[in-house]
Amino acid sequence: MEIIKTSIDGVVIIQPRIFEDERGYFFESFSQKEFEEKVYKTTFVQDNESKSSYGVLRGLHFQKPPFAQSKLVRVIKGAVLDVAVDIRKGSPTFGRHVSVELTGENHRQLFIPRGFAHGFSVLTEEVIFQYKCDNFYAPQHEGALAWNDPELAIDWKIPIDKIIISEKDKCHSKLK
């Protein structure tokens, strides 16, 4: 696997080695040993999968300590714009974000450490999205930021009138 650094320390793009031939392709989507050597020492305890249609925007979600989560995310089918926002108080990159297009074709993954809000927008007709978490979901410790916070200035790559969000995601606080 190739590790691609982003503009925020700790957030990395993982490009797996793809072996293709006339039959199709093969790649190792996760190796605990290699991940710990090259990215971060953690143990993932939960895998999640979601299916969404064009225009769906999920986020920007996080969990508060002691139930904060690191995530390793990828797309199985379709394409998303995946976004990680640094919410670590005192961080030199607090309030900045990284965005990357993840697709079923590029097989890229994004590692998002604890202390980040995470979200994605669906860019294709349908998406199947998978992610690993290093802590269990704890609803009493969940938090979120407004997806359209002007200070974050995230370009979700979808026309505003096409964005579909949950009722819950319509009323989150701004970063400040």
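Described in the following lines is the structure provided in the data block. (Residues numbered from 1 in each chain as written. Predicted model: local features only at pLDDT ≥ 70, side-chain atom pairs only at ≥ 80, totals over all residues. Heavy atoms only, no water.)

### A closer look at the pattern of salt bridges
Then, number 1: This model, assessed by the stated rule, comprises 12 salt bridges.
Then, number 2: In this structure, Asp-21 and Arg-23 form a salt bridge, with 2.5 Å as the shortest nitrogen-oxygen distance.
Then, number 3: Since its relative accessible area comes to 34%, Asp-21 is described here as partly exposed.
Then, number 4: For Arg-23, a relative accessible area of 73% corresponds to the exposed category.
Then, number 5: Counted as one network, the salt bridges with shared partners bring together Lys-51, Lys-77 and Glu-126. (Salt bridge = Lys/Arg side-chain N within 4 Å of Asp/Glu carboxyl O. Buried < 20%, exposed > 50% of the residue type's maximum accessible area, 1.4 Å probe, protein only.)

### Some thoughts on the packing of aromatic side chains
Then, number 1: According to the stated counting rule, one finds eight aromatic pairs in the structure shown.
Then, number 2: On the numbers, 5.4 Å between centres and 65° between planes, the contact of Phe-35 with Phe-44 is edge-to-face.
Then, number 3: Residue Phe-35 is classed as buried on the basis of its relative accessible area of 1%.
Then, number 4: By the ring-pair criterion, three or more aromatic residues cluster together here, those being Phe-30, Phe-35, Tyr-40, Phe-44 and Phe-111.
Then, number 5: Note that Lys-132 overlies the ring of Phe-30, its terminal NZ or CZ placed 4.9 Å from the centroid. (Phe/Tyr/Trp six-rings, centres within 6.5 Å; stacked < 30°, edge-to-face > 60°. Lys NZ or Arg CZ within 6 Å of the ring centre and 35° of its normal.)

### Looking at the environment of Ile-128
Then, number 1: Following the sequence through the fold, Ile-128 ends up in strand E12 (residues 126-133).
Then, number 2: Placed 50 residues apart in sequence, Ile-128 and Gly-78 show a C-alpha to C-alpha distance of 6.8 Å.
Then, number 3: If we skip the residues at most four places from it in the chain, Ile-128 touches Glu-49, Ser-50, Arg-74, Val-75, Ile-76 and Lys-77. (Helix = DSSP H or I, 4+ residues; strand = E, 2+ residues; numbered from the N terminus. Contact = heavy atoms within 4.5 Å.)

### Remarks on the nonpolar core
Then, number 1: Grouped together as the largest cluster of nonpolar side chains are 18 residues, with contacts concentrated most on Val-80, Leu-102, Leu-110 and Phe-129.
Then, number 2: Broken down by secondary-structure element, the contributors of at least two residues to this core are strand E7 (71-77), strand E8 (79-86), strand E9 (97-103), strand E10 (109-112), strand E11 (116-122) and E12.
Then, number 3: The residues contacting Leu-102, other than those within four sequence positions of it, are Val-73, Arg-74, Val-75, Gly-78, Ala-79, Val-80, Asp-82, Arg-108, Gln-109 and Leu-110.
Then, number 4: Counting residues in each nonpolar core, the second largest holds 17 residues, with Leu-60, Val-85, Ala-117 and Ile-165 among its members. (Core = buried A, V, L, I, M, F, W, Y, C linked by side-chain atoms within 4.5 Å.)

### Some details on the sheet that holds E10
Then, number 1: If you trace the six strands from one edge of the open sheet to the other, you get E1-E2-E10-E7-E12-E5, paired in antiparallel fashion. Looking along the sheet, the strands with just one partner apiece sit at the ends: strand E1 (2-5) and strand E5 (46-53). Going from strand to strand, the sheet's axes swing by 25° on average, the running direction of each strand aside.
Then, number 2: Where strand E2 (residues 12-15) meets E10, three bridges bridge the pair, whose relative direction is antiparallel. By the bridge assignment, Ile-14 is partnered in E10 with Gln-109. (Pairing = 2+ DSSP bridges. Axes fitted to C-alpha atoms, helices over the stretch in contact; angles between N-to-C directions.)

### A word on the environment of Glu-34
Then, number 1: Structurally, the position occupied by Glu-34 is in helix H1 (residues 32-38).
Then, number 2: Judged by relative accessible area, which is 19%, Glu-34 ranks as buried.
Then, number 3: Here the alpha-carbon distance between Glu-34 and Met-1, two residues 33 residues apart in the chain, equals 8.1 Å.
Then, number 4: Sequence-distant contacts of Glu-34, defined by excluding residues within four places in its chain, comprise Met-1, Glu-28 and Val-39.

### A few points about the environment of Phe-27
Then, number 1: Looking at where Phe-27 falls in the secondary structure, it is placed in the loop between strand E4 (24-26) and H1.
Then, number 2: Judged by relative accessible area, Phe-27 falls into the buried class, the value being 14%.
Then, number 3: Taking the C-alpha atoms as reference points, Phe-27 and His-107, 80 residues apart in sequence, are found 8.9 Å from one another.
Then, number 4: With sequence-adjacent residues up to four places away left out, Phe-27 is seen in contact with Pro-16, Arg-17, Ile-18, Arg-74 and His-107.

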